[in-house]
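Survey of secondary and tertiary structure
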Amino acid sequence: YVTSTVDASTGRGDIQVNRVGTAARVETGSGSIVMKDIGPGSSAIVKGGTGSVDVDGVSGSFTGSTDSGELRVAGGVYDNWNLNSASGNIHIGADTEEGFEIDAATRSGQLSSESEDIDVDSSARACHQKVKGGGKLVRARTASGNIFIR
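Residues numbered from 1 in each chain as written. Predicted model: local features only at pLDDT ≥ 70, side-chain atom pairs only at ≥ 80, totals over all residues. Heavy atoms only, no water.

1. A short note on the overall build of the chain
We count it as follows: The helix and strand labels rest on DSSP assignments: H or I over at least four residues marks a helix, E over at least two residues marks a strand, and numbering proceeds from the N terminus. Our radius of gyration looks at C-alpha atoms and nothing else; its globule reference is 2.2 Å times the residue count to the power 0.38. Burial status follows relative accessibility: with a 1.4 Å probe on protein chains alone, a residue under 20% of its type maximum counts as buried, one over 50% as exposed, and anything between as partly exposed. Pairs of residues are marked as contacts when any of their non-hydrogen atoms sit within 4.5 Å. His is not counted, nor are the chain ends, whereas Lys and Arg count as positive and Asp and Glu as negative. A charged residue contributes its charge at one atom only: NZ of Lys, CZ of Arg, CG of Asp or CD of Glu.
Looking only at helices and strands, the chain features 0 helices and 15 strands. A compact globule built from 150 residues should have a C-alpha radius of gyration of about 15 Å, and the chain, at 15 Å, falls within 12% of that. Principal axes of the C-alpha set define a box for the chain whose edges measure 40 × 30 × 15 Å. Per-residue burial for the chain yields a buried fraction of 45% across its 150 residues. For the chain, the share of sequence-separated contacts (at least 6 apart) that also reach a separation of at least 24 residues comes to 32%. Taken together, the 14 basic and 19 acidic charged side chains of the chain have centroids lying 6 Å from each other.

2. So, the environment of Glu27
Within the fold, Glu27 resides in strand E3 (residues 24-28). Sequence separation between Glu27 and Val53 is 26 residues; the distance between their C-alpha atoms is 10 Å. Sequence-distant contacts of Glu27, defined by excluding residues within four places in its chain, comprise Ala8, Ser9, Thr10, Ile15, Ile33, Ile45 and Lys47.

3. Notes on the pairing of strand E9 (residues 81-85)
Heads up, the rule is: Pairing between strands requires that DSSP locate at least two bridges from one strand to the other.
The alternating pattern of E9 places Trp81, Leu83 and Ser85 on a buried face, while none of Asn82 and Asn84, on the opposite face, is buried. Across 5 bridges, E9 lies against strand E14 (residues 136-142) in parallel orientation. Paired with Asn84 across the two strands is Arg141, which belongs to E14.

4. Some points on the pairing of strand E11 (residues 100-106)
A large share of E11 lies buried, amounting to 7 of its 7 residues. A two-sided burial pattern is seen for E11, the buried positions comprising Phe100, Ile102, Ala104 and Thr106 on one face and Glu101, Asp103 and Ala105 on the other. In the sheet, E11 pairs with strand E13 (residues 126-131) via 6 bridges, with the strands oriented antiparallel. In the sheet register, Glu101 faces E13, and the bridge partner there is Lys130. Where E11 meets E14, 7 bridges bridge the pair, whose relative direction is parallel. Note on E14: the bridge partner recorded for Ile102 is Val138.

5. So, the sheet that holds strand E8 (residues 71-75)
Put simply, the rule reads: Orientation is described by lines fitted to C-alpha atoms, with helices fitted over the stretch in contact, and by angles between N-to-C directions that extend from 0 to 180 degrees.
Spatial strand order, E2-E4-E6-E8-E10-E15-E12: 7 strands in an open sheet with parallel pairing. Either end of the sheet is taken by a strand with one partner, and the two such strands are strand E2 (15-20) and strand E12 (111-113). For this sheet, the mean angle separating the axes of adjacent strands, direction not counted, is 5 degrees.

And the structure:
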């Protein structure tokens, strides 16, 4: 278990980070990033290529971004999340025990929700609503990818 901030970057290659109590700031040029049980203020950025970001156990603010790879984020929305992908799909697994606000949009992809707390029309490309009274913001944007909310 790491109790201080973790900064990791590589030009090409994969990075895996587990159990960081504070911020984990991770960046790769063209690899994939896997993060589990990370603290507030964390970020994961894939600058190019098809590298993916897979994060489970977010416990605070989080920023995630990919060029064309998948972006999967799950955890409690105890602070704002900002998720972006140029052409990759975004998968949001927000814990719905706490209230939050979802603001998701895709320019040419599809938007869907498996959560009974989030109502999305089958032809919708955008969704902005409060879940369980609202709270911190989960913002997701992709130009041509799909957005899946569970």
